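Listed below, chain by chain, are the residues.
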Amino acid sequence: MKFFSDLTKIIVITFVLFIIFNFLITLIWPFYLKSKFENYKPYSKEIIEQLDMSENDALKLYMETWIDRSFSYSQFLEHVERPTKGKCVNISKEFGRKVENPKFCKKRFFVYGGSTTWGYNVADYQTIPSYLQKELINNGYNDYCVYNFGGGSYFSTQENIRFQKHLLNQKILENDFAIFIDGHNENGFRKTRATDVLIEMF
């Protein structure tokens, strides 16, 4: 009986220490990250010029893209970017990555793709869907909306699943458009019916 009471004490103490340790890590981690990346320069001068950003904003972009961002599990898709608000990277569950859209939408364009579509290493306003939105506005389509539903490492199967989920949830309606940007992630490791065709095309 003494053995079981000692074992119970060990389990309880281990569990309490585990909770305390995790709580301390949660408190300390933001300060650790800030000190580690305070003087870090993730991009060269040439890239910063292309991004049209200050060094501070470029560091903010890097942190929001690669360090501060997290993912959630999504059935069939495997992962989706979690909603987040930042200076350069903003994601919502309903609209995907931020695109500056008008309040009223006569036509809607849903853009699907991998990390290129999502826009790794660029700010919200520099993604392909954001440029599409700007082109629409420049051509007088002020009531057209574009949504960025790209995803890191996504390929055609995942994009089609996301598209079908949007159809089933009636997020996409009869008069909406779906645009798929593919090519880079369609390689031999991810075989689908469309893979060989897409490899030939791109």
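The structure this text deals with has already been given above.
Before going into details, it helps to say that this report is about the structure given with it. All figures in this text were calculated on a predicted structure; none of them were measured in a lab.

1. Some points on the state of the cysteines
Scanning the model with the defined rule gives one disulfide in all. Between the sulfur of C105 and that of C145 lies a disulfide, 1.9 Å long from S to S. A torsion of -75 degrees about the S-S bond marks the disulfide between C105 and C145 as left-handed. Here C145 lies in strand β6 (residues 144-150) and C105 lies in the loop between β4 (96-97) and β5 (107-113), a separation of 40 residues in the sequence.

2. Considering the packing of aromatic side chains
Going through the model one piece at a time under the given rule, you end up with 17 aromatic pairs. Look at F37 and Y62: their rings are 6.3 Å apart centre to centre, the planes differ by 50 degrees, and that puts the pair in the tilted class. Pair noted here: F37 is in helix α1 (residues 2-37) and Y62 is in helix α3 (residues 55-67), with a separation of 25 residues, a long-range link. Side by side, F37 and Y62 carry an identical accessibility label, which is buried. A network of ring pairs unites the aromatic residues F95, F110, Y112, Y147, F149, F163 and F180 as a single cluster. In this arrangement the basic side chain of R69 is found over the ring face of W118, its NZ or CZ atom lying 4.4 Å from the centre. One cation-aromatic arrangement involves R97 over W118; the distance from NZ or CZ to the ring centre is 4.2 Å.

3. Regarding the pairing of strand β2 (residues 78-81)
Sheet topology note: the strand β1 (residues 71-74)/β2 ladder contains four bridges and is antiparallel. Pairing of S72 across the sheet is with V80, part of β2. The loop that links β1 with its antiparallel partner β2 comprises three residues; one of these, F76, has a positive phi angle of about 75 degrees.

About the criteria used
Position numbers for residues count from 1 along each chain, tracking the sequence in the order it is written. Under the rules for a predicted model, residues below a pLDDT of 70 receive no local features and side-chain atom pairs below 80 are neither given nor counted, while totals for whole chains, interfaces and linings still include all residues. Excluding hydrogens and water, the side-chain figures rest on all heavy atoms present in the structure. Two cysteine sulfur atoms form a disulfide, by the criterion used here, when they sit within 2.5 Å. Helix and strand labels come from DSSP, where a helix needs a run of H or I of at least four residues and a strand needs a run of E of at least two; each type is numbered from the N terminus. Working definition: rings of Phe, Tyr and Trp (its six-membered ring) pair if their centres are within 6.5 Å, and the pair is stacked with planes under 30 degrees apart, edge-to-face with planes over 60 apart, and tilted otherwise. Only protein chains enter the calculation, and the probe is 1.4 Å; a residue is then buried if its accessible area is under 20% of its type maximum, exposed if over 50%, and partly exposed in between. Charges are assigned to positions over rings by a cutoff of 6 Å between ring centre and Lys NZ or Arg CZ, combined with an angular limit of 35 degrees from the ring normal. Here, strands pair whenever DSSP counts at least two bridges between them.

Fair warning: the whole summary comes from geometry, so function is off the table for now.
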